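Observations on chain architecture
Here is how the chains run, residue by residue.
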Amino acid sequence: MAKTLVSKWLIAGGMGALAVAMAAPAYAAEPNASDPEIIVTGIRGSLQRNMDIKRAASGVVDAISAEDIGKFPDSNVADSLQRLPGISIQRSGQRGEANGVTVRGFGGDFNDTQFDGRHLSTASGNRGVDFTTIGSDFVSRMSVYKTPDVTLGSSAIGATLDVSLPKPFDRTGFQMAAKASGSVQDRNGKVVPSGGLLLSNTFADDKVGLLGYVAYRRADTTSNQVFIPGWIGKQFNTCQVNAACTDAQLSNAANWSKVGWFPQQIGANQVSTQDERIDGRIAFQWQANDKLLLTIDDNFSRQVIHSQSYGYGAWFNGDDLRNVKFDANGTVTDFNQFGTPMDFNAGIQRTINQTNMVGANLKWEATDNLKFDFDAALSRSVLNPGNNGYNDNMDIGYGGSNVDPNGSFVSTPCTNGVCTRYSTILGANTGATMMGSSANYLPSIHDVGPAGNAAAFTNQALIGNHVIVRGANYYTDLVKQFKAGGRWQQDNLKIDFGIRYSEDKFHQESQNTFVNGTFARYAGYGAPSGRTGSIAPLPASIYQGLINTSGFIPGYSGNVAPALIKYDPYAVYKLLDPTGVGTAPAFDPSTVLGVKEQTWAGWFKVAMDAELAGMPFHFSAGLRDEFTHLEASAIGTLPANLITVTTDPTLITVGSYTPQQAIIKTTNYNYLLPSFDAKLEVTSKLTLRADASRTLTRPALSYLKPNITLGTMRKGSLAASGGNASLKPYLSDNFDVAAEYYYKKNSYFAVNGFLKYISNFIVGGVSTQSINGVTDPFTGQTAQFQVNGKINGPDGVVKGVEIALQHVFGDSGFGFNANATLVKTNRNFDTSDISGAAFAITGLANSANFVGFYDKHGIQARVAVNWRDSYLLTLGQTQGGTFGAEPVNVNQQVQVDASASYDFTKQVTVFVEGTNLNNSTYSTYGRWSNQPLDTWSYGRRFVFGARFHY
């Protein structure tokens, strides 16, 4: 805690002192009329435009502008946004790409992403947009509205992110921009191409314009992962600290008294990903006369992600752990498990994300004082169009324990004081040691290999097939929107008014191998492990080699199993069932969700320019009214009975389901959303701001599912999840105060304090409950499921400060941009709470960014350092939840990126970029830092290429 406070004061104090030092020369060296004007281009030109936008805005706005046509600062839009104060990013672990942004601690669903003021559809089931699906090649500008503009919307507690795309009238005459590049990730080693072309021209005395562009991007990545999907909280038996337990100890209910957390599974993967994206845009503009401007555009994006993964995993059951060691918090730091099976997984996936937005805009200047703006758009996103995506996985392996009256191992279940005996042939006494902080140590797996022989870890003669995990998702999202707005302006008074209608229709459905019993149909590992129902050994033809795990995660200590096995899952499917029918996934009716959300909005805003004590004063007040009608539909079906699987003694599956029935739920809500902005220009350099507003964020569409879906079901661990169609939006009352000092050209210092009172928080409560009264086949009692549901819950407060400093050292070409954000909340996660009702505000992290640059003589160079402190990402791990939704925390991370370019001529530029030059990793943990979850190493990436602009 002391270290955190010290770092906060160092950041704040250091930037403040630096600002004073930089600003001081401005008083002594004011430019005069005889000084030659400095032409600001490239990086400096972009920074100046960003600063001008911030300075002129009535509210709190930050922006990132393209340095030229086809030259956005970063190849990923989110990477550029993180250079702004108050903004940090989330990364995709397996690709290492920035796929989401957090604004003042509020992530994807709390931010509204728009294209030219239009809401963008997304087929993820969430409100947030995956930024890897947005090409940056020809983006003109990204504007971040941290305080709401009621004419754009108030449906974002974090911010409204508006992407401005190029139009033919932006630059009249013929324009052409082309870009070609190659990229390579160090671990993957394959150079892959990217490129883009933009053409624009105006005709008929610049009254008609047409622009089109197409861009292609490919990025290949090989990433390494060590994982624990979840830490399970439970009551341990006091005998489990020993090498063995007796029937009497296990049957004594009073002995089950030690609260602790253990890892349900430990494993490692190597994932190779090929990410291809095509972006296209056509824009037509017609200036019919001085009063009418028509714009019609069509924007298209298609991303195809192919991935292959190979790994291993060891599964643990809490009752079967022995030699258990606990730390003071109850974390299991070491253990062994009798007869542990070892699975080798192989997976092949294809995911397609496709979005098309078509829109038309008409601007009409009715009189000198009155203007109108009419806009209509249709945006459709599809996840896996034509149901052409897939996620096909296979597990093979050996080991496991078998029920045996003469077995040496005693464990649950127990009946009338007599417990179950188990034996094993190839199972090992596998365990794991938690050596320290997840920021430095991997979970160190030990005692692996068939019957504990680590040298035979990948012995093909002992390996048989196990479970089949296959699935496919199909999601669609269709957004229809119409807006009519007007502005009346005279002298220093502006009045904005308008209406908007939007309709969001979302549909999801999935296939999997759980619903039809295929998951465990051929499970068991086969004869070498003392099981039936499987083929063992598997033929040598399925195998494709080994992956060495030495130095698997750079910079981390801890043991990883000796190797990963590469093999063809489809070859195994064919062995099990040549027809393919017996291994295919089936439609799961419980996954169906349909949402139709209709929103009617109207707004009114008044803005005035006046003087206060001789100082220019700007004030605006707006009110937006939003009424929403929502209908959610699903297919309801419940388990009629649960059964065990003879070939996998710990597995539970559904024997049969109840008949299907349609479920439809409707809800309405209406909110008034006011906003106030005041700006006082104390001097020509110093501006003060004050803002107040109310905003809302609607629940994620996937939260609205009005039925229950079963999850992982094994001995002692029954999981399920459910939605809530009656959820209300999050509400936030927001307050901002800011001081901005523009002390010279292209340089400024700003401090912004913010406060948010948030109510209606949607929390993921985990409750223990029965489902349809089914019986647990292991206990003979009514099955108790850990059901993760959603409800509107507590209130919370978020407050913080943003500090930004931008400075250019005269005409030297050197400069820098630095910012820091410090945030805190009254709703932190209480690690001691095991009531199941723990709540915390997620996403809040202190962050700091520094960008140093040089821009002169045709040379542009930039080095960026981004730091984000550890933070709570979400509540709810992939597995677990006995004591409520377990937390997922992210360790602090520093990443260094750099780029450079050289202008050979005014038209031709060559460039090189490097991301993650310091080989930073991404890692998460549970309640405490020694409960590791995911650790990803996604390597460095280098891009080189050329641009042409005419």
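Residues numbered from 1 in each chain as written. Predicted model: local features only at pLDDT ≥ 70, side-chain atom pairs only at ≥ 80, totals over all residues. Heavy atoms only, no water.

So, the overall build of the protein chain
- Within the protein chain, the secondary structure is distributed over six helices and 51 strands.
- Here the C-alpha coordinates of the protein chain stretch approximately 100 × 60 × 55 Å along the principal axes.
- For the protein chain, with 950 residues in total, the buried portion stands at 57%.
- Pairs at least 24 residues apart make up 74% of the contacts formed inside the protein chain by residues separated by at least 6 positions.
- Entry remark: accessible area of the protein chain is about 36,200 Å², with carbon and sulfur atoms responsible for 56%.
- In the protein chain, which carries 75 positive and 77 negative side-chain charges, the distance between the mean positions of the two groups comes to 1 Å. (Helix = DSSP H or I, 4+ residues; strand = E, 2+ residues; numbered from the N terminus. Buried < 20%, exposed > 50% of the residue type's maximum accessible area, 1.4 Å probe, protein only. Contact = heavy atoms within 4.5 Å. Areas by Shrake-Rupley, 256 points an atom, 1.4 Å probe, with all protein chains shown as cover. Lys, Arg positive; Asp, Glu negative; His and termini not counted. Charge placed at Lys NZ, Arg CZ, Asp CG, Glu CD.)

Here's the deal with the nonpolar core
- Judged by nonpolar contacts, the single largest core of 52 residues is most densely connected at Tyr-312, Met-342, Phe-344 and Tyr-567.
- Ignoring any residue separated from it by four or fewer positions in sequence, one finds Met-342 in contact with Tyr-312, Gly-313, Ala-314, Ile-396, Gly-397, Tyr-398, Ile-445, Val-448, Phe-457 and Tyr-525.
- Grouped together as the second largest cluster of nonpolar side chains are 30 residues, Leu-81, Val-139, Met-142 and Tyr-213 included. (Core = buried A, V, L, I, M, F, W, Y, C linked by side-chain atoms within 4.5 Å.)

A closer look at the pairing of strand 16 (residues 332-340)
- The buried count for strand 16 comes to nine of nine residues, which makes it a mostly enclosed element.
- Here strand 15 (residues 321-326) pairs with strand 16 via four bridges, running antiparallel. When the bridges of strand 16 are listed, Lys-325 appears paired with Asp-334.
- Between strand 15 and strand 16, which pair antiparallel one after the other, the connecting turn spans five residues, and Gly-330 there sits at a positive phi close to 100°.
- As paired strands, strand 16 and strand 23 (residues 428-433) are joined by two bridges and run antiparallel to one another. Each bridged residue has a counterpart across the sheet, and for Thr-340 the counterpart in strand 23 is Ala-428. (Pairing = 2+ DSSP bridges.)

Notes on the pattern of salt bridges
- What the rule picks out here adds up to 32 salt bridges.
- Salt-bridge contacts for Asp-116 lead to Lys-167; the nearest nitrogen and oxygen are separated by 3.3 Å. One end of the pair, Asp-116, is in the loop between strand 4 (111-115) and strand 5 (118-119); the other, Lys-167, is in the loop between strand 7 (159-164) and strand 8 (175-185), with 51 residues separating them in the sequence.
- Classification of Asp-116 as partly exposed rests on a relative accessible area of 23%.
- Salt bridges sharing partners connect three or more residues here, namely Lys-54, Asp-62, Arg-104, Lys-146, Asp-736 and Glu-802. (Salt bridge = Lys/Arg side-chain N within 4 Å of Asp/Glu carboxyl O.)

Points about the environment of Trp-603
- If you trace the backbone, Trp-603 turns up in strand 29 (residues 586-612).
- Not counting residues within four places of it along the chain, the set of residues in contact with Trp-603 comprises Val-150, Thr-151, Lys-483, Ala-484, Gly-485, Asp-496, Phe-497, Gly-498, Ile-499, Arg-500, Leu-623 and Arg-624.

Topic: the packing of aromatic side chains
- Summed over the entire model, instances satisfying the criterion amount to 31 aromatic pairs.
- Aromatic pair Trp-261 and Trp-928: ring centres 5.2 Å apart, planes at 75°, arrangement edge-to-face. Placement of the pair is Trp-261 in strand 12 (residues 256-263) and Trp-928 in the loop between strand 49 (921-925) and strand 50 (932-937), with a sequence separation of 667 residues. This pair shows no difference in class: Trp-261 is buried, exactly as Trp-928 is.
- Positioned over the ring face of Phe-236 is Lys-234, at 4.6 Å from the centre of the ring.
- In this structure, Arg-947 packs its charged tip against the face of Phe-911, placed 4.1 Å from the ring centre. (Phe/Tyr/Trp six-rings, centres within 6.5 Å; stacked < 30°, edge-to-face > 60°. Lys NZ or Arg CZ within 6 Å of the ring centre and 35° of its normal.)

Considering a nonpolar patch on the surface
- On the surface, Phe-174, Leu-197, Leu-199, Val-214, Ile-278, Phe-300, Phe-948 and Tyr-950 cluster together into a nonpolar patch covering about 690 Å² of accessible area.
- Tracing the backbone shows Phe-174 in the loop between strand 7 and strand 8.
- Under the relative-accessibility criterion, Phe-174 is labelled partly exposed at 41%. (Patch = residues over 30% accessible without salt bridge, like charges linked within 9 Å, V, L, I, M, F, W, Y side chains within 5 Å.)

As for the sheet that holds strand 5
- What the five strands build is an open sheet, ordered 1-6-7-4-5; its pairing is mixed. The open sheet is flanked by strand 1 (61-65) and strand 5, the only strands paired with a single partner.
- Note that strand 4 and strand 5 share two bridges and pair antiparallel. Its bridge partner being in strand 5, Gln-114 is matched across the sheet by His-119.
- In this fold helix 3 (residues 42-56) packs onto strand 1 and strand 6 (141-145), with an angle of close to 160° to the strand it touches most, strand 1. (Axes fitted to C-alpha atoms, helices over the stretch in contact; angles between N-to-C directions.)

Observations concerning helix 3
- End to end, helix 3 covers 21 Å across 15 residues, agreeing with the expected 21 Å (1.5 Å per residue, within 8%).
- Within helix 3 the residues assigned to the buried category are Gly-42, Ile-43, Arg-44, Gly-45, Ser-46, Leu-47, Gln-48, Asn-50, Met-51 and Lys-54. (Expected span 1.5 Å × (residues − 1).)

A closer look at the state of the cysteines
- For the coordinates displayed, the defined rule picks out two disulfides.
- A sulfur-sulfur distance of 2.1 Å marks the disulfide that ties Cys-239 to Cys-245. Looking down the S-S bond of the Cys-239 and Cys-245 bridge, the torsion is 100°, so its handedness is right-handed.
- The class of Cys-245 is buried, set by a relative accessible area of 6%.
- Note that Cys-414 is cross-linked by a disulfide to Cys-419, the S-S spacing being 1.9 Å. Taking the sign of the S-S torsion, about 100° here, the bridge from Cys-414 to Cys-419 comes out right-handed.
- If the cysteines joined by disulfides in the protein chain are listed in sequence order, their pairing comes out as 1-2, 3-4. (Disulfide = S-S within 2.5 Å.)

Focus on the environment of Gln-285
- Tracing the backbone shows Gln-285 in strand 13 (residues 265-289).
- Along the chain, Gln-285 and Ala-180 lie 105 residues apart, while their C-alpha atoms are 28 Å from each other.
- Leaving out residues up to four positions away in the same chain, Gln-285 has contacts with Lys-167, Pro-168, Phe-169, Lys-207, Val-208, Gly-209, Leu-293, Leu-294 and Thr-295.
- One polar contact links the side chain of Gln-285 to the main-chain amide nitrogen of Phe-169, over a distance of 2.8 Å. (Polar contact = N/O pair within 3.5 Å; in protein donor to acceptor, adjacent residues only side chain to side chain.)

What about the sheet that holds strand 15?
- Pairing in this open sheet of four strands is antiparallel, and the strands run 15-16-23-24 from one edge to the other. Only two strands of the sheet have a single partner each, and these edge strands are strand 15 and strand 24 (444-446). Taking each pair of neighbouring strands and ignoring which way they run, the sheet shows an average axis angle of 15°.
- In this structure, strand 23 lies alongside strand 24, joined through three bridges in antiparallel fashion. Looking at strand 24, one finds that Gly-431 is bridged to His-446.

Here's the deal with the pairing of strand 47 (residues 893-903)
- Pairing of strand 44 (residues 859-868) with strand 47 involves 10 bridges; the strand directions are antiparallel. Looking at the pairing, Arg-862 lines up with Ser-899 of strand 47.
- Inspection of the sheet shows strand 47 paired to strand 48 (residues 908-915) by six bridges, in the antiparallel sense. Considered in strand 48, the bridge of Ala-900 is made with Val-912.
- Where strand 47 folds back on strand 48, the antiparallel hairpin that results is connected by four residues.

Examining the confidence of the model for the protein chain
- For the protein chain, mean pLDDT is 89; residues scoring 70 or higher make up 94% of the total.
- Every residue in residues 1-41 scores below 50 in pLDDT, and together they form 40 contacts with partners more than four places removed in sequence or on other chains. (pLDDT = per-residue confidence, 0-100.)

A look at helix 6 (residues 569-576)
- By the burial criterion, the buried members of helix 6 are Pro-569, Val-572, Tyr-573 and Leu-576. Buried residues of helix 6, seen end-on, are gathered within an arc of 105° and therefore sit on one face of the element.
- Against the buried residues of helix 6 lie strand 17 (342-365), strand 19 (390-398), strand 25 (464-490) and strand 28 (563-567).
- Its side-chain oxygen at 3.0 Å from the backbone nitrogen of Tyr-570, Asp-568 defines the N-terminal cap of helix 6. (Arc of directions from axis to C-beta.)

A word on unusual backbone geometry
- In this chain, Thr-412 is followed by Pro-413 through a cis amide linkage whose omega measures 0°.
- In this structure, the amide linkage connecting Ala-536 to the following residue, Pro-537, adopts the cis form with an omega of -5°.
- Relative to the helices and strands, Pro-537 is located in the loop between strand 26 (493-512) and strand 27 (543-548).
- Notably, Asn-416 is not glycine yet its phi reads approximately 50°, a positive angle.
- As for its placement among the helices and strands, Asn-416 is situated in the loop between strand 21 (409-415) and strand 22 (418-424).
- Here Asn-916, not a glycine, exhibits a phi torsion of approximately 55°, which is positive.
- Position of Asn-916 relative to the elements: it lies in the loop between strand 48 and strand 49.

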